[in-house]
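# Coordinate inspection notes
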Amino acid sequence: MAPSTDIAIVGWAQTPMTRRTDLSETQLLLRVITDALEPLGLTRADVDFTCLGSCDYITGQAFSFVSNLDAIGAWPPKRDSHVEMDGAWAAYEAWLRLQEGDIDIAVVTGSGRSSTGDPSLIYPMEMDPFFLAPLGVDPVTFAALQARALIAAGITSERAMAEVAVRSRRDALDNPDAQVANDGDVDTLLAGDYVREPLRRHDLPPITDGAAAMVLATGDRARRLRERPAFITGFDHRTECHNPGYRDLTDSPSTRIAAQAAGLGTGPVEIAELQAAFTHEEALLRRALDLGDDAVVNRSGGALASNPIMATGLARMGYAANHVFAGGRRALAHSTSGPCLQQNLICILEGDA
Amino acid sequence: MARFVETSIVFPYKRSLGPVIGAFMTGLTDRRILGIRCGEQVLVPPTEWDPATGAELSAEALVEVGPAGTVESWTWVPTPSEQHPLDVPFAFALIRLDGASTPLLHAVDSGASDALAEGMRVAPRWRGARTGRIDDIVAFIPGEEPELQGDDAGAASEPVTMMDYDAAITYRNPVPAVLDRLREASRDQRILGQRCPVCARVYAGGRGYCPIDAVELGEEHDVDLPHTGTITNFTIVTPVQYPGQTETEPFARVFVLLDGTDVVLPYQPVVELAVSDVTVGKRVAAAWAPPNDDVDEGGTMGGAYGHLIGWIPTGEPDIDDPDLVNRIF
Amino acid sequence: MSSEPCAIVGVGQTHHKSRRHDVSFGGLVREAATRALDDAQMTFADIDAVVIGKAPDLFEGVMKPELYLSDALGAVGKPMFRVHTAGSVGGTTAIVAASHIQARKHERVLAVAFEKQSEGNAQFALGSGRGASLGAGGAFAPFIRAYIQRSGAPEHIGWKVAVKDRQNALKNPYAHLKIADISIEKVKESPMMWEPLRYLESCPSSDGACAVVLTNETGGRAAAADGRPPAWILGASSRSEPPSFPGRDPVRPAACVRAAWDVYEQAGITNPREQIDTAELYVPFSWHEAIWLEGHDIAPVGEGWRMIDDDETALTGSFPVNPSGGVLSSNPIGASGLLRFAEAANQVRGAAGEHQVAGAEVALAMAYGANSQYFSTWVVASSLQPFG
């Protein structure tokens, strides 16, 4: 169904992406929300709805999002929500909420400090609590098994994966906000040891602390706030069954369904920002999305350059919006959650013709 | 450079298993592995529902599979984590047990990564004392023949319905600079607050920002707060026991409105004040630990911090003001 | 373009208990979901999207459980959305699910909320694993002391609510606490837990789940034509305010009042006491009934307790509150908010069974969370224009 109201991204901001920050999550959000609003001439008082995305187990505290309310200026009290999901899903909720037609401006955030705990000990807790979590099976293990399946199916290779790593981190040299940027060499990388065969260090994302905030506005308001808003012309997300053992790891049907529901197929995209935190996922997602060779993927450096968990997907939407802000016509943003790309979100952004 | 503190979240969860997973776990104690029929397929591990449609699957559809199977895929784990089933390098593998349509993920103890190959046959190494957990299988080993590790304690005498899951994660968090200043000041028996330059509200407890104006507060906004105040409200908590609980007797947490300010310190401990003597309007003063004492980093919900260990009665008469009780924040 | 009308056409819940050791937590959630689907005469295949809510993941020790529960809830190939707004989460889950309909994104949405408290320990989780956890009662007791002193209410008000809700629970087959011999004496003699709150004035700790099927105007009208009256959402709002600042009033929180006003404005309610027939209010501790009657302008400030004293909020009173027995009788935390919203829907659908309020056409539901900071509110009615 077509959206009943035009909704656009009109601005966004991200904190510096770092291996470890001294700032609390609330402090990160205080800064990044201000940074997103100020260039638009908006204050927190102009914001009709907020939706924050974060995760207690990343933060290491129950109700960790409650203190983040201090960052949104919720006085007088705000229309507000919180998702235990990446900020891209917070944007999805705001997109739905704005379509109800009674409010104009929403701020959404994603925030996380992955540096505080050991990911290999935290992430097993999101796996099947009976058969997988007790074995300490972490997503890197499953990513490795998926990479192996993709290599066996001829969809990618260890060399192609290293090429993705080199390209992403080389592109990141042009991105002042990227955490990991360098001019690497494929053969050198391929000489490295496996972390989880067939994944080497370069196939994995960095550990990143950071947050992102995004401003969404309804049609006319959006056009007044920015010359060229990034209109959301399609937005959808889908899930798959949880246990990767039950799935065909060489496919990503949820990505395909979400893309179809978001109307991706009605025309080409110029750029795509994919939350491919592991190098092999890019090839799989490209196939599932049927992206043409002319689509530029992860020009920002992607999640391989900075991976602020719970904000990585929202940042993909931000980079895709940047493309439209700068005159681009059509861009795609993708986010994901769960082992082996269990859940996938697709957002299509377009500028006025 | 910030100081970091470590906190651990450790909890022994007790999971109920339900009919299907319970039967599977019970089977493990008897060194049998069960799958469940779902249409044409046999799913291993079994689920209570068809993963594709959500349709209910009954425990009556359980069938025995394996115990040997074929490695379909694997990845080598060169440095096991504390949560992993083995403390030597091993493989996590997708193993299709004989008779199953889907692979089971488990560990394979093959000694070295080059001993592994897709298509290799493996069989379970059973734990001697089995409790009905997925790690009753210590790991799979190359070959067709199951092994037993240790003396066989036999099958469970009753159906297994529950499973222990011990979660333990340690987090390392930076201490905000303002909290360190508070702690340092408390060593000198000073209570610091911060005044918002926009709205002039003063905040205690080292928050580092004003939630009303959403601005950060720095060292330049620090102000000294008085050491005396009045209890405005309180709670007496009868402690419930749980892992990590430190209290056994009822304890008080009081709200202290500091003299001459608009600042309430919430949920503060009291010193030399019996639970039965806590009243609204009672006059109190800050109680301090000796400067060289090691002090707790502070509790939850606005508990006292640093060398400020709580509030002690001054002996002055109670304040009789009916509005006091409303000063919770 | 105005938003699409949204109807509730299916409601389901589990039998709430201290320990549902007979089911896995996936099985628990499915129990509520399949009952809601049966009530709506649907199956998982009819559902376009699932919205799930629960309180902190630390309660069960499963991070982002929506991942594990995707296939349990028949969500494969569909959107699966996870909400978490502390204790209000069940209410927010319903509101976010409704948003999917109101924005015309989907036609049939399943909202599910749950908690399986017996897998862990709420006091532990509320204190994030540290000692001297105050628990919710310890955190809220000072608010209640302030209310009592401010309003001058006599102490038996709390006992009366505790008795009334447990008596209502005897009429609710799903309720956790069934205290057949509940009495004022029994409540006032129960142990003091968090002064001034006694044990029987406090909510239990429950395993349980609740589910609701929401649909658009066409779906709602089709159900009505089929003799299955829907509940129509007249207004819904979620509001939040910061945890603490000098002068913040947790007894009449502004976020509560504003959310109520949002909803009344959307619904065209100008006199809530007269226009609303019954309410399911989130009352984990007895005194919150008086506090929220005032917070929603059903009673004037300082007068909410009088409605209780006069038995107006009893099942047979002029303004029944928590006919289901409320949170005081069943508290699967994450689901408790959705239970309020679902029970309100059942009242206006005439589907509440033995605890049905006679002639209920307009019902209010609310849930709150954290330090009385997160509020979710909706008003549902038996028709889209109940006020003519």
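To keep things clear, this report deals only with the structure shown in the data block.

Procedures and definitions
- Per chain, residue numbering runs from 1 following the sequence as it is written.
- Here chains are named by letter from A upward and ligands by number from 1 upward, in the order in which they appear as written.
- Only residues with pLDDT of at least 70 get local features here, since the model is predicted, and only at 80 or more are side-chain atom pairs given and counted; chain-wide, interface and lining totals rely on the full set of residues.
- Helical segments are the DSSP runs of H or I of at least four residues, strand segments are the runs of E of at least two, and each set is numbered from the N terminus.
- Between the two quantities, the radius of gyration covers C-alpha atoms and the globule rule is 2.2 Å times the number of residues to the power 0.38.
- Residues are called buried when their C-beta atom has 20 or more other C-beta atoms within 10 Å, exposed when it has 12 or fewer, and partly exposed otherwise; all C-beta atoms are positioned from the backbone.
- Two residues qualify as being in contact provided that their C-beta atoms, derived from the backbone, are within 7 Å of each other.
- All residues other than Ala, Val, Leu, Ile, Met, Phe, Trp, Tyr, Cys, Pro, Asp, Glu, Lys and Arg, Gly among them, are scored as polar; the first ten of these are nonpolar and the last four charged.
- Two strands pair under a simple rule: DSSP has to find at least two bridges between them.
- To define a nonpolar core, we join buried Ala, Val, Leu, Ile, Met, Phe, Trp, Tyr and Cys residues through C-beta atoms within 7 Å and take the resulting set.
- Fitting a line to C-alpha atoms yields each axis, with helices limited to the stretch in contact; the angle taken between N-to-C directions then spans 0 to 180 degrees.
- Here is the rule for angles: anything less than 35 degrees is roughly parallel, anything more than 145 is roughly antiparallel, 65 through 115 is roughly perpendicular, and the remaining ranges are oblique.

The next subject is the overall build of chain C. Helix and strand counts for chain C come out as 14 helices and eleven strands. Computed over the C-alpha atoms, the radius of gyration of chain C is 19 Å, within 12% of the 21 Å expected from 2.2 N^0.38 for a compact globule of 388 residues. Projected onto its principal axes, the C-alpha coordinates of chain C cover approximately 50 × 50 × 45 Å. Burial statistics for chain C: of 388 residues in total, 73% are counted as buried.

This paragraph deals with the interface of chain B and chain C. The partner chain C presents 49 residues to the 53 residues of chain B that form the contact. At the level of elements, strand S1 (4-16), helix H1 (18-29), strand S11 (162-174), strand S17 (228-237), strand S18 (251-258) and strand S19 (264-268) of chain B are the ones that each hand at least two residues to the side of chain B that touches chain C. The element contributing the most residues to the side of chain B that touches chain C is S1(B), with seven residues. In terms of residue class, the side of chain B that touches chain C is built from 32 nonpolar, 14 polar and seven charged. Summarising the sheet, S17(B) and strand S5 (residues 192-195) of chain C pair through two bridges and their orientation is antiparallel. Its bridge partner being in S5(C), Ile236(B) is matched across the sheet by Glu195(C).

Ranked by internal contacts, the top residues of the largest apolar core, which has 367 residues, are Met214(A), Leu216(A), Leu349(A), Val112(C), Val212(C) and Val380(C). Residues in contact with Leu216(A), not counting those within four places in the same chain, are Ile7(A), Ala8(A), Ile9(A), Ala91(A), Ala94(A), Trp95(A), Leu98(A), Ala106(A) and Val108(A).

With 49 residues of chain C at the interface, the matching set in chain A holds 50 residues. Going through the elements one at a time, helix H2 (66-69), strand S3 (80-83), helix H3 (89-102), helix H4 (122-126), strand S8 (231-240) and helix H9 (254-267) of chain C are the ones with two or more residues in the side of chain C that touches chain A. For strand S3 (residues 78-83) of chain A and S8(C), the ladder comprises two bridges, and the chain directions are antiparallel. Following the sheet pairing, Lys78(A) is matched in S8(C) by Ser240(C).

Each strand in a sheet pairs with another by means of backbone hydrogen bonds, the pair being arranged parallel or else antiparallel. Residues and elements named next belong to chain B. Ordered in space as S3-S2-S4, the three strands form an open sheet in which the pairing is antiparallel. For this open sheet the edge positions go to strand S3 (41-43) and strand S4 (62-65), each flanked by a neighbour on one side alone. Adjacent strand axes in the sheet meet at a mean angle of 45° when their direction is disregarded. Two strands pair when backbone bridges link them, and strand S2 (residues 33-38) and S4 are joined in this way by four bridges, in the antiparallel orientation. Along S4, the bridge assignment pairs Ile33 with Val65.

Before going further, it helps to examine the environment of Asp57(C). Residue and element names in this part refer to chain C. For Asp57, the position within the fold is in the loop between strand S2 (49-53) and H2. Note on Asp57: 23 C-beta atoms within 10 Å, which makes it buried. Put simply, Asp57 and Glu115 are 58 residues apart on the chain and 9.4 Å apart in space, counted from C-alpha to C-alpha.

All names here are of chain C. Extensive coverage of strand S11 (residues 374-381) is indicated by the burial of eight of its eight residues. Both faces of S11 are covered, namely the face carrying Tyr374, Ser376, Trp378 and Val380 and the face carrying Phe375, Thr377, Val379 and Ala381. Sheet topology note: the S8/S11 ladder contains eight bridges and is antiparallel. Counterpart to Ser238 in the pairing with S11 is Ser376. Judged from the eight bridges that link them, strand S10 (residues 362-369) and S11 form a sheet pairing that is antiparallel. Considered in S11, the bridge of Leu364 is made with Val379. In this structure, the hairpin formed by S10 and S11 is closed by a connection of four residues, where Ala370 is found at a positive phi of approximately 55°.

This part is about the packing of helix H6 (residues 158-171) of chain A against helix H10 (residues 279-289) of chain A. Residue and element names in this part refer to chain A. The interhelical angle for the contact between H6 and H10, taken along N-to-C directions, is 100°, at an axis separation of 8 Å. On the basis of the axis angle, H6 is roughly perpendicular to H10. Within the contact between the two elements, H6 uses Ala160, Met161, Val164 and Ala165 and H10 uses Thr279, His280, Glu282 and Ala283.

Residues and elements named next belong to chain A. Mapped onto the secondary structure, Ile271 falls in strand S9 (residues 271-273). Accessibility expressed as a C-beta count within 10 Å gives 22 for Ile271, which makes it buried. Residue contacts for Ile271: discarding those within four places in its chain leaves Ala295, Val296, Arg299, Ala320, His323, Gly328 and Ala331.

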